[in-house]
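# Residue-level structural notes
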Amino acid sequence: MFLYLSAIKYNLRFNLLPHIAAALGLMLLTPVLFGITALDAMTVAYPLELSLPFLGVILLTPVYTPEQDPGISDTVRVRKTPYLLICGIRIIIALVLMLLFICGFVLLMAALESEVSIAHIPAVYANAIFLGGLGILASAISGHAVVGYMIPVLYFVMDLMGSLGTFTMFSMMRNGQMNGKWVLFVIGVCCIAASIWIRNIATERK
Amino acid sequence: MTLYRKELLRVLKSTIFFLAAVGIILFANTQGVFPPHSTITKPLPGAESYGTKASDNPDLIMPEAAESLFVQYSANQYIAYPNGFIKYVRLNQSDREKMGEIIAALSEDVISEDVQESGDIPAANDKTLQIGEGSLQPNDDGSFQIIKSEEEILTGFHFNTAITWEHFLALMVQADDLLGGGSDFSEKWMSHRFGQIPVTYDEALADYELTVSYDKLTGAHARLFSDYMGIILGLLPVFPAVFLCLSDRKNITSMLYTRRISSTRFILARFLALLTAVMLPVLIMCAVLTGIHAADYGLGNIDILVYFKYAFFWMLPTAMASTAVGLFFTTLTNTPAAIAVQLVWWFVDTAGGSGVYSFFGVRPLQLIPRHNTLGETQTFLDYLPDLIQNRIGITLTAVLLVTFTIFVYNAKRRGLLYVSVFKRDKVQSAV
Amino acid sequence: MSESNIQIRNLSKFYGKKQALCGLNLDITSGMFGLLGRNGAGKTTLMKTIATLLRKQEGDITVCGIPVENAQEIRKIIGYLPQDFNMYGNMTVSQALDYLGVLSGMSKAERHDRISILLKQVNLIKHAGKKVRSLSGGMKQRLGIAQALLHDPQVLIVDEPTAGLDPEERVRFRNLLCEVAEHKTVILSTHIVGDVEATCGEIAILDEGRLLFGGSVSGLCDMAEGSVYTAEVTQNELPKIRAAYTITATLSQGKNSTVRFLSPDRKPMIGKPVTPGAEDAYIFCLSKTGKGGNLHDTI
């Protein structure tokens, strides 16, 4: 158990810290771009759906990048602790941080008299997991973080400029609905799981 | 030239270019511009509607705008778009009173505090709006209700028709300032928000004839195409740029740095190669669309080069800017931070895609000019000088960023620039 | 059967259609074992397969009696220094070792003790606080060997550890490996014959995935006995000699050169026979495949 805590500590400090800083930057930028004070039930959706989903991209997409260098990859993979377990730890850290940031932001909006509710938290979380899931899957398939960043951004733009029906991330903004978020959540989780599987095939034992 | 060709081949063979090209074409397809979903047809007399247009008719704008201001004042909740994103504004006590005075100036039969103090107050009726103590009762949340009597709450507002347009504009400027700018009451928004009037058949016909004579039909399509392509070209090119720069790992850069080629030639070759690559799918679509329009309208009726003109003058500067951001920030930081930078710029420019700025007009350093309708040739001609300035400005911005990239690259080559975000090494043992 | 024993039977490994290892049979006992071969011979593939980083297609490998399919158990008893060893650049030397120790399932006390010992052993104690990315090539390799020994494995696999090191570093590295090999099995993969000659009791030579030779260094030299000659030639004659024979060494001395060359038919035009060295014997062995040439062709 303590070994896993040590592994968590090292990964937080050396592999995840810049991305956590970027996530915090996003949180600070969001109120600057949008107003988050005294928003009504419809307009709260704007910052929640346009900005916070990128937490998933920032925190999930780079999970596999520390071992992009083959020298590091070989050194780490030959250890007793399975490499995928380390990736799993990073993913869990990312998911926990995403939830904490989203909860914190929604609470802040509530404190600023915006009409948010507890229900917004899972809705926004689903969006973030979905977008982050696309990113981590693209990163695992291509082996490049940049591709992992591009795919979710492309999806975001296409959804924003048109609408992708059941798979839209902007149901709250467009028609005040949260119903379809569970679909995005499931797809996001499947993408994360698929990325682990692909990473296993690609690198563990060829 | 050889280096440019080699870099171009590198980009074209990369996975990220393939994905970017697919993304560009897919985006155009989903937005209905590739292939085009509508054609330009001559308006027929007696149609139900020919669309609307913004007018500067004071008689139309003033009462609508004043009424809207009153409604927002009553609730003490105003809508503004300071960065293009919707923002709700609530005024504090002192600003509320100032806004109240503006409302008073816009309203008929207002009894000011001075008159109240004098005691010479006419009987309250449903045209009366009293400012100060009395019938204007604030709620706990700061909004106001007009209390006519214990049973009735007055929410009506009667515009003071005696007010002049100049006085009205001055009052609206004050109101907009109180709200932090970007509100419905700024001069640029008012005609668009409150001055919409139907387009007449004659006007529609005149615009159609202008589209035929000036645009040769394809010009209008090319403009709409450029509108949508600008959105994607304002963002996607940053990714191949970041990818290409990051693919030079540490052991590769030290080999590159010692080569004879100047930093200027190296960076320019890379920049031009990236630009060529991202414009390639756009140019291919331009060619295909020209063919489609030739089939629809007849070859003799169209301008076969117009798509390429728009590609060069409208779309290329946007692609240059996003590519340059990718090159500069990646060369400087050796991280994918450029993606975040460009995303923020794109976001602010498109107002989060909300279309708030999608009415016609071009801001000076607007990354993505918008013209989100087919036709409206006269409107285009009206803002064309702004557009030319804007495109030159964006091009210069891109050139500046590329110049900075060359400086940074050259400094790194000479070991003059070492960017470290980590603490200095300390001799310490963890044991 | 020795505890430190690696048995390889009919091992085959494919990369797509390309066969990297072809029906390999090998026994590796404790001590220092050298693996020689050209680039692309299959050395790294073999090392990685034993280290459980690659999956074999055919054959069997057991390490200390444990089949290689049991990756978790194998990883407890092997240490691996990869060819392009690297670690996270933002970690210090001691942090990198500590992290890898965590991944090796070592307790805090174990890590503390072992890191201290190893840093002294590899002479990195003064650099414990340095970031990995600021280490020189030699220091990085020493860090590499330290991490491979961290959990005191029974088998140590080192893939071309001396490539890029200066002569002094190389000697230091060899000595370190010899020290380690006194109590363990060390598989040293290299294409530098000198490394193997100086340190290994038993060696194997691979070429295109096949075993060309397995045995001792002296056995390898015996193979080439009577086939190695030396002659002094002028600069003008040198090209003719090069064209006619496989040259293993050339020493220029003014207008003349002393060459060592192979003559498998033992009937050279010139020269006198000499006792083959390991390098001569290695090239002789490779030349028997028909693809040998001069010394430079093997690099």
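## Re the overall build of chain C
Looking only at helices and strands, chain C has ten helices and 14 strands in total. Whereas a compact globule of 299 residues would reach a radius of gyration of roughly 19 Å, chain C reaches 21 Å, a difference of no more than 12%. Seen through its C-alpha atoms, chain C measures out along the principal axes to roughly 70 × 45 × 35 Å. Within chain C, buried positions represent 48% of all 299 residues.

## Notes on the sheet that holds strand β12 (residues 246-253) of chain C
Residue and element names in this part refer to chain C. Here we have four strands laid out as an open sheet, ordered β12-β13-β11-β14, and antiparallel in their pairing. Because the sheet does not close on itself, it has two edges, and the strands there are β12 and β14 (272-273). Pairing analysis gives seven bridges linking β12 to strand β13 (residues 256-262), with the strands arranged antiparallel. Counterpart to Ser 252 in the pairing with β13 is Ser 257.

## Describing the sheet that holds strand β5 (residues 66-67) of chain C
All names here are of chain C. Pairing is antiparallel in the open sheet, where four strands are placed in the order β2-β1-β4-β5. Edge positions in the sheet fall to β2 (18-28) and β5, since each has one partner strand and no second. For strand β4 (residues 58-63) and β5, the ladder comprises two bridges, and the chain directions are antiparallel. Bridging from a neighbouring strand, Thr 62 pairs with Pro 67 of β5.

## Focus on the confidence of the model for chain C
All names here are of chain C. In the predicted model, chain C carries a mean pLDDT of 87, and the fraction of residues at 70 or more is 95%. Throughout residues 291-299 the model reports pLDDT below 50, and contacts reaching past four residues in sequence, or to other chains, amount to 18 contacts. Taken over the whole predicted complex, pTM reads 0.80, whereas the ipTM for its chain interfaces reads 0.92.

## Overview of the packing of helix α7 (residues 145-161) of chain A against helix α2 (residues 15-30) of chain B
Packed helices, taken two at a time, are described by the angle their axes make and the gap between the axes. Orientation of α7 of chain A relative to α2 of chain B, taken along the N-to-C sense of each, is 0°, at an axis distance of 11 Å. In terms of orientation, α7 of chain A and α2 of chain B fall into the roughly parallel class. Across the interface between the two elements, Val 146, Val 147, Met 150, Leu 154 and Met 158 of chain A from α7 of chain A touch Thr 15, Ile 16, Leu 19, Gly 23, Phe 27 and Thr 30 of chain B from α2 of chain B.

Each value, and the rule that gives it
Sequence order as written defines residue numbering, which begins from 1 separately in each chain. Going through the entries in the order they are written, you letter the chains from A and number the ligands from 1. The model is predicted, so local features are restricted to residues of pLDDT at least 70 and side-chain atom pairs to those at 80 or more, both for listing and for counting; the totals for chains, interfaces and linings are taken over all residues. Here a strand is any run of E in DSSP of at least two residues, a helix any run of H or I of at least four, and the numbering for each starts at the N terminus. Computation of the radius of gyration draws on C-alpha atoms, with the globule rule given as 2.2 Å multiplied by the number of residues to the power 0.38. Whether a residue is buried, exposed or partly exposed is read from the other C-beta atoms within 10 Å of its own C-beta, which are placed from the backbone; 20 or more gives buried, 12 or fewer gives exposed, and intermediate counts give partly exposed. For two strands to count as paired, DSSP must find a minimum of two bridges between them. Along the chain, pLDDT gives the predictor's confidence residue by residue, from 0 to 100. Think of it this way: build a C-beta for each residue from its backbone, and any pair within 7 Å is a contact. Between N-to-C directions, angles span 0 to 180 degrees; the directions come from axes that are lines fitted to C-alpha atoms, helices contributing only their stretch in contact. Just so you know how the angles are binned, under 35 degrees is roughly parallel, over 145 roughly antiparallel, 65 to 115 roughly perpendicular, and the rest oblique.

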